[in-house]
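Observations on chain architecture
So you can see what is in the structure, the chains are spelled out below.
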Amino acid sequence: MTNDEAVQRHSDGRIARGERTREAIVEAHAELLRQGVLKPTAKAIAERAGISPRTLWINFKDLETLLEATTAYWLEADGALHTRIDASLPLAERIDLFCRQRALRLEHLAPAARSAVLGEPFSSALAAARRELIERLRRDLLETFPAELAAEGGADGPLCLGLMAAAGGMTWHFARDDLGRDVDDAAAVMRHTFTRLLEA
C-alpha cells in the first residue's frame, strides 16, 4: 500500500466514523422524543448516543444544524410510509385506504410533532419541515381524489382545504391528546369526515 493509499483509507475511515456518530446522535434524539422528552438537552442526547456533549457539538455546530438533521430523519421515515393509492378505485375504498395510511403516518410523526410545537417559532428547520408535511398532504389528496377535487376548485378549493384540515396534524393531536381518543377512534373520525365531505 502506498502512502497516498494509506492516507486515503484513513480519511475514508474518519468520514465513515463521523457519519456513524451523526446517525447515532439523530437516532438518540428521535428516541428521546418517542419517550416523551419533548425538549431533550444536549447532555441527554449525548448520553443516549454514548458520546460526550463536546462530540455532539463537534458534529453539529449548533441546535439548528441538529434540528435540520433530525427533521430530515423524520421526513424520510414519513416518506417511507407513503403508498400510492389508485385513483380509479371506488371512492369508499380510496377514503378507507387514505385514512388508514394517514393515521399510520400521523401516529409515527406524533413525537416529533409534539416537540416541534415548542421549538418551531424559533427554528427555520422545524418551520420548513411543517411546510413540507403540509405540501405532502396536499399532493397525496390530489393524487388520491383527483376528479372530486378538480370539481371543487382543485388544490386551493374548499373541499381540498377541508380535507387537509380533517387529515392534518393539529386535528389528529386534538383527537389523540386533547380528547384522549385512541388511534382507531381518531382514524374513524377522519374517515367519517372524509366520507361526508367527498360524498356531499
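As shown above, the structure is provided for reference.
Residues numbered from 1 in each chain as written. Predicted model: local features only at pLDDT ≥ 70, side-chain atom pairs only at ≥ 80, totals over all residues. Heavy atoms only, no water.

As a further point, take the overall build of the chain. On a plain count of helices and strands, the chain comes out with 10 helices and zero strands. Mapped from its N terminus to its C terminus, the chain presents α and β elements in the order α-α-α-α-α-α-α-α-α-α. The C-alpha atoms of the chain give 21 Å as radius of gyration, which overshoots the globular expectation for 200 residues (16 Å, by more than 25%). With the C-alpha coordinates aligned to their principal axes, the bounding extent of the chain is approximately 70 × 40 × 25 Å. Put simply, the chain has 200 residues, and 38% of those count as buried. For the chain, the proportion of contacts with a sequence separation of at least 24, taken over those separated by at least 6, is 65%. Of the accessible surface of the chain, which amounts to about 11,500 Å², a share of 56% is contributed by carbon and sulfur atoms. Charge centroids of the chain, computed over 26 positive and 31 negative side chains, lie 4 Å from each other. (Helix = DSSP H or I, 4+ residues; strand = E, 2+ residues; numbered from the N terminus. Rg over C-alpha atoms; globule rule 2.2 N^0.38 Å. Buried < 20%, exposed > 50% of the residue type's maximum accessible area, 1.4 Å probe, protein only. Contact = heavy atoms within 4.5 Å. Areas by Shrake-Rupley, 256 points an atom, 1.4 Å probe, with all protein chains shown as cover. Lys, Arg positive; Asp, Glu negative; His and termini not counted. Charge placed at Lys NZ, Arg CZ, Asp CG, Glu CD.)

The tally for this structure, following the rule as stated, stands at four aromatic pairs. On the numbers, 5.4 Å between centres and 25° between planes, the contact of Phe98 with Phe194 is stacked. Residue Phe98 is located in helix H5 (residues 91-119), and its partner Phe194 is located in helix H10 (residues 183-199); the two are separated by 96 residues in the primary sequence. Of the two residues examined, Phe98 and Phe194, each falls in the buried class. (Phe/Tyr/Trp six-rings, centres within 6.5 Å; stacked < 30°, edge-to-face > 60°.)

We now examine the packing of H5 against helix H9 (residues 169-178). In the contact formed by H5 and H9, the axes pass within 10 Å of each other and the chain directions differ by 85°. By the angle class used here, H5 and H9 are roughly perpendicular. Contacts between H5 and H9 involve Arg102, Ala103, Leu106, Glu107, Ala110, Ala113 and Arg114 from the first element and Gly169, Trp172, His173, Arg176 and Asp177 from the second. When grouped by side-chain class, the residues that make up the contact of H5 with H9 number five nonpolar, two polar and five charged. (Axes fitted to C-alpha atoms, helices over the stretch in contact; angles between N-to-C directions. Parallel < 35°, antiparallel > 145°, perpendicular 65-115°, else oblique. Nonpolar A, V, L, I, M, F, W, Y, C, P; charged D, E, K, R; others polar.)

The next thing to look at is the side chain of Glu148. Checked against the element boundaries, Glu148 lands in helix H7 (residues 146-150). In this structure Glu148 touches Leu91, Arg94, Leu159 and Leu198, once residues within four positions along its chain are discounted.

This part covers the side chain of Asn59. Within the secondary structure, Asn59 sits in helix H3 (residues 53-59). Within polar-contact distance, the side chain of Asn59 engages the backbone oxygen of Thr55 at 2.8 Å. (Polar contact = N/O pair within 3.5 Å; in protein donor to acceptor, adjacent residues only side chain to side chain.)

For the structure shown, the criterion picks out 16 salt bridges. For the salt bridge of Asp78 with Arg136, the shortest nitrogen-to-oxygen distance reads 2.9 Å. Here Arg136 lies in helix H6 (residues 124-144) and Asp78 lies in helix H4 (residues 63-80), a separation of 58 residues in the sequence. Like Arg136, Asp78 is buried. With a closest N to O distance of 2.8 Å, Glu143 and Arg84 form a salt bridge. (Salt bridge = Lys/Arg side-chain N within 4 Å of Asp/Glu carboxyl O.)

Here we come to empty space enclosed by the protein. Counted under the stated rule, the structure contains one cavity of 30 Å³ or more. One number sums up the size of the largest cavity: a volume of about 70 Å³. The wall of the largest cavity is formed by His82, Thr83, Arg84, Ile85, Phe98, Gln101, Arg102, Arg105, Asp140, Glu143 and Thr144. Elements that contribute at least two residues to the lining of the largest cavity include exactly H5 and H6. (1 Å grid on protein atoms, 1.4 Å probe; cavity = no way out; pocket = protein on both sides within 12 Å on 5 of 7 lines; lining within 4 Å. Points joined across faces, edges and corners; volume = space filled by probe spheres on them.)

A few words now on the layout of surface pockets. One water molecule sets the probe size; rolling that probe over the atoms shows where empty space is left. Here the largest pocket is characterised by a volume of approximately 1,200 Å³. Of all the secondary-structure elements, those providing two or more residues to the lining of the largest pocket are helix H1 (3-34), helix H2 (42-49), H4, H5, H6, helix H8 (158-167) and H9. Counting residues per element, the lining of the largest pocket draws most heavily on H5, at 12 residues. Its residues assigned to classes, the lining of the largest pocket comprises 29 nonpolar, 10 polar and seven charged.

Time to look at the nonpolar core. In terms of nonpolar packing, the biggest core is built from 24 residues, with Phe98, Leu141, Phe145, Phe194 and Leu198 touching the most fellow members. Every element with two or more residues in this core is listed here: H5, H6, H8, H9 and H10. Counting residues in each nonpolar core, the second largest holds 10 residues, with Val26, Ile45, Ala49 and Leu56 among its members. (Core = buried A, V, L, I, M, F, W, Y, C linked by side-chain atoms within 4.5 Å.)

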